[in-house]
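One-letter residues, chain by chain:
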Amino acid sequence: MSLKDPTLLRQAALVGGRWIEADPETAIAVKNPATGELVGYVPKLGAAETKEAIAAAEKAQKDWAGRTAKERSTVLRKWFELMMANQDDLGRILTMEQGKPLAEAKGEIAYGASFIEWFAEEARRVYGDIMPGHQKDKRILVMKQPIGVVAAITPWNFPNAMITRKAGPAFAAGCAMVLKPASQTPFSAIAIALLAERAGLPAGLFSVITGSAAAIGAEMTANPTVRKLTFTGSTEIGAELYRQSAPTIKKLGLELGGNAPFIVFDDADLDAAVEGALIAKFRNNGQTCVCANRIYAQDGIYDAFAEKLAAAVGKLKTGNGFDEGVILGPLIDSAALAKVEEHVSDAVAKGGRVVQGGKRHALGGTFYEATVIADVTPEMAVAREETFGPVAPLFRFTDEADVIAQANDTEFGLASYFYAKDLARVFRVAEALEYGMVGVNTGLISTAEAPFGGVKLSGLGREGSKYGIEEFTEIKYVCLGGI
Ligand code: ADP
């Protein structure tokens with residue numbers, strides 16, 4: 001695969017400013033999920049290197065926090081510009097290791113870079129307060145200071161943006177970061193670390209450690225120098241990291257699983273709802289934590305909506321992300337494929353009706369057909385678990401209160417969506433959905449300007465927006481007496 005700048009595909013990890021090259025004998029092999037071909041190797045590191053990186057981060061952070069916000073902002077701005085200047089190459093690396101179509105991968109680079117741009121701007125707006133005092137001779141000052149060394153663990157579904165959404169605010173606030181990217185997609189992380197170095201981020205401030213998740217995670221959570229752990233991934237691992245972080249009382253940022261409802265009311269614009277469902281359900285081949293997992297259509301429009309959706313889904317082309325016109329790539333691995341197959345066969349066994357797709361794709365590998373299943377009921381696995389694949393299950397409902405109850409009947413609470421025109425209904429439903437995010441008449445809600453995050457088992461904290469940077473600061477109260 002030809003890159004304009006081949007040095008961006010670097011087979012190494014960055015530990016405290018020191019590059020450690022991969023030795024193929026002991027390294028982790030990264031494969032292209034569309035073809036099974038080797039992309040390259042990254043070193044298999046563990047606790048010792050994590051400890052080294054944390055110590056280097058502690059040192060580098062002091063100097064970084066001592067710079068002016070504008071100085072930090074300038075470095076971040078440069079980093080953003082380098083990402084955009086290398087958008088093509090970063091997109092190619094991403095498609096190679098993750099499988100998503102090249103256009104979508106380049107879109108992720110722009111989206112990922114936008115967090116660096118946004119937080120370069122926010123760096124200069126970390127304001128404190130002066131509050132009315134409780135005694136005549138006293139004044140109350142509140143300042144916000146960087147939390148210190150941050151550990152980050154990120155997933156494979158957005159190999160660029162899930163890192164920048166954490167690194168942008170961390171560096172803007174004056175923190176240092178030690179990152180463990182997903183082993184399926186480390187090259188995107190390494191490439192952005194290289195660009196950070198070129199942008200002038202000081203050595204040791206940002207480490208990228210590839211290797212054993214359990215060993216790296218154990219050191220990150222046990223090490224008292226790490227004051228915050230920010231994680232995006234499964235609820236199961238998030239809960240484990242939460243538990244491991246308890247003895248050192250770390251601040252936690254957790255972006256975990258979802259089970260998003262997508263509700264289409266009788267008064268919705270059906271074509272818009274179909275378009276929104278395609279984005280909310282099939283983006284990244286259904287492998288996002290905000291993907292619509294359960295689609296509820298009201299009686300009056302159920303059949304028309306099902307028909308329109310099936311027709312639109314039938315036109316989505318599945319294939320290698322580098323091929324022209326491909327909209328859906330492969331699933332990340334065979335375990336993901338097995339889960340999708342299980343959910344479809346469980347739905348069919350319990351009375352679900354496949355109206356589009358419904359089986360492995362003729363391309364083989366981990367490709368699965370874009371699928372629509374009608375007549376889905378709450379007893380089916382698709383109703384309770386995140387499918388994380390290209391399967392749209394359609395539930396029928398009659399009553400607004402009933403669909404809200406069904407939508408909220410889950411342990412998760414990340415994204416939710418609904419389509420309706422009646423203004424009173426729009427407010428009622430938006431307020432009643434127990435989710436961190438609600439898309440009304442849209443299937444695409446993520447952006448650097450808005451707070452992303454969930455409630456219940458979907459996590460803690462918010463990323464992006466003016467709130468995202470607060471997560472990387474501590475509040476200090478200074479009581480000024482003797483005035
Ligand atoms: P996904 O379903 O997205 O793969 P995971 O929660 O398994 O979700 O993985 C998300 C990230 O967490 C990845 O970087 C993975 O390597 C990491 N991870 C998995 N297990 C552990 C663990 N025990 N400790 C720390 N990190 C882990």
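Residues numbered from 1 in each chain as written. Predicted model: local features only at pLDDT ≥ 70, side-chain atom pairs only at ≥ 80, totals over all residues.

Novice: Looking at this structure, how should I read the domain arrangement of the protein?
Specialist: Size of an interface, as often reported, equals the accessible area lost when the parts are brought together. Parsing the protein into structural domains produces domain 1 (6-256 + 458-477) and domain 2 (261-440). Distance from the C-alpha centre of domain 1 to the C-alpha centre of domain 2: 31 Å. The interface of domain 1 with domain 2 comprises 16 residues on the first partner and 19 residues on the second. Element by element, the count of residues in the side of domain 1 that touches domain 2 is highest for helix H4 (residues 102-122), at 3 residues. Of the residues belonging to the side of domain 1 that touches domain 2, the class tally is 6 nonpolar, 7 polar and 3 charged. (Domains from an automatic or database assignment. Contact = placed C-beta atoms within 7 Å. Helix = DSSP H or I, 4+ residues; strand = E, 2+ residues; numbered from the N terminus. Nonpolar A, V, L, I, M, F, W, Y, C, P; charged D, E, K, R; others polar.)

Novice: Teacher, can you tell me more about the site of the ligand here?
Specialist: Taken together, 14 residues surround the ligand, and among them Ala213, Gly217, Gly233, Ser234 and Ile237 come closest. Put simply, the parts of the chain that give the shell around the ligand at least two residues each are helix H7 (213-222) and helix H8 (235-245). Counted by class, the shell around the ligand contains 7 nonpolar, 5 polar and 2 charged residues. (Near = placed C-beta within 6 Å.)

Novice: Teacher, can you tell me more about the pairing of strand S8 (residues 176-180) here?
Specialist: Looking along a regular strand, one sees the side chains alternate between the two faces of the sheet. Buried residues dominate S8, accounting for 5 of its 5 residues. Here S8 shows no split at all, with Ala176, Val178 and Lys180 on one side and Met177 and Leu179 on the other all buried. Summarising the sheet, strand S7 (residues 149-153) and S8 pair through 5 bridges and their orientation is parallel. Directly across from Ala152, in S8, lies its bridge partner Leu179. (Buried ≥ 20, exposed ≤ 12 C-beta atoms within 10 Å, placed from the backbone. Pairing = 2+ DSSP bridges.)

Novice: Would you explain the UniProt feature "active site" (unreviewed entry) in the protein in this entry?
Specialist: The sites that carry the UniProt feature "active site" (unreviewed entry) are, in the present numbering, Glu255. Among the secondary structure elements, Glu255 is positioned in strand S11 (residues 251-255). For Glu255, a count of 28 C-beta atoms within 10 Å puts it in the buried group. Once residues lying within four places of it in the same chain are set aside, the contact partners of Glu255 are Thr232, Cys289, Gly453, Gly459 and Glu463. (UniProt positions renumbered as here; feature names shortened; annotations may be inferred.)

Novice: Would you mind showing me how to read the packing of helix H3 (residues 87-98) against H4 here?
Specialist: Packed helices, taken two at a time, are described by the angle their axes make and the gap between the axes. Close contact between H3 and H4 brings their axes to 8 Å; oriented N to C, the two are set at 120°. With respect to their mutual orientation, H3 and H4 come out oblique. Crossing hand, H3 versus H4: right-handed. Counted together, Gln87, Asp88, Leu90, Gly91, Arg92, Leu94 and Thr95 of H3 and Leu102, Ala105, Lys106, Glu108, Ile109 and Ala110 of H4 form the full contact between these two elements. Classifying every residue of the contact of H3 with H4 by side-chain character gives 6 nonpolar, 3 polar and 4 charged. (Axes fitted to C-alpha atoms, helices over the stretch in contact; angles between N-to-C directions. Parallel < 35°, antiparallel > 145°, perpendicular 65-115°, else oblique. Left-handed = near helix turned anticlockwise from the far one by under 90°.)

Novice: What's the story with the packing of H4 against helix H5 (residues 161-173) in this structure? I'm lost.
Specialist: In the contact formed by H4 and H5, the axes pass within 8 Å of each other and the chain directions differ by 10°. Relative to H5, the element H4 is oriented roughly parallel. Mapping the contact onto sequence places Glu108, Tyr111, Gly112, Ala113, Phe115, Ile116, Trp118, Phe119, Ala120 and Glu122 in H4 and Ala161, Thr164, Arg165, Gly168, Pro169 and Ala172 in H5. Taken together, the residues of the contact of H4 with H5 sort by class into 10 nonpolar, 3 polar and 3 charged.

Novice: Mind showing me how you'd approach the environment of Pro330 here?
Specialist: Relative to the elements of secondary structure, Pro330 occurs in the loop between helix H10 (299-314) and helix H11 (334-349). Taking the C-beta count within 10 Å as the criterion, Pro330 has 27 such neighbours and is therefore assigned buried. Residues Pro330 and Gly112 lie 218 residues apart in sequence; the distance between their C-alpha atoms is 22 Å. For Pro330, the contacting residues outside a window of four places in its chain are Pro33, Ala34, Gly99, Gly365, Thr366 and Phe367.

Novice: I'm lost on the nonpolar core in this one. Help?
Specialist: In globular proteins that are soluble, nonpolar side chains generally tend to be buried together. Counting 84 residues, the largest nonpolar core has Leu76, Trp79, Met83, Val150, Cys175, Met177 and Val178 as its most contacted members. For Cys175, the residues in contact, after removing those within four places along its chain, are Gln61, Pro146, Ile147, Gly148, Val149, Val150, Ala170 and Phe472. (Core = buried A, V, L, I, M, F, W, Y, C linked by C-beta atoms within 7 Å.)

Novice: Is there a simple way to explain H10 in this structure?
Specialist: Because each turn of an α-helix spans 3.6 residues, side chains separated by three or four positions end up pointing in the same direction. If you check H10, its first and last C-alpha atoms are 23 Å apart, about what 16 residues at 1.5 Å a residue would give, namely 22 Å. Remark: the principal bend of H10, roughly 25°, maps to Phe305. Taken together, the buried positions of H10 are occupied by Tyr302, Phe305, Ala306, Leu309, Ala310 and Val313. Elements in contact with the buried residues of H10: strand S12 (260-264), helix H9 (270-282), strand S13 (292-298), strand S14 (353-356), strand S15 (371-376) and strand S16 (391-397). (Expected span 1.5 Å × (residues − 1). Bend = angle between axes of the 7 residues up to and from the residue.)

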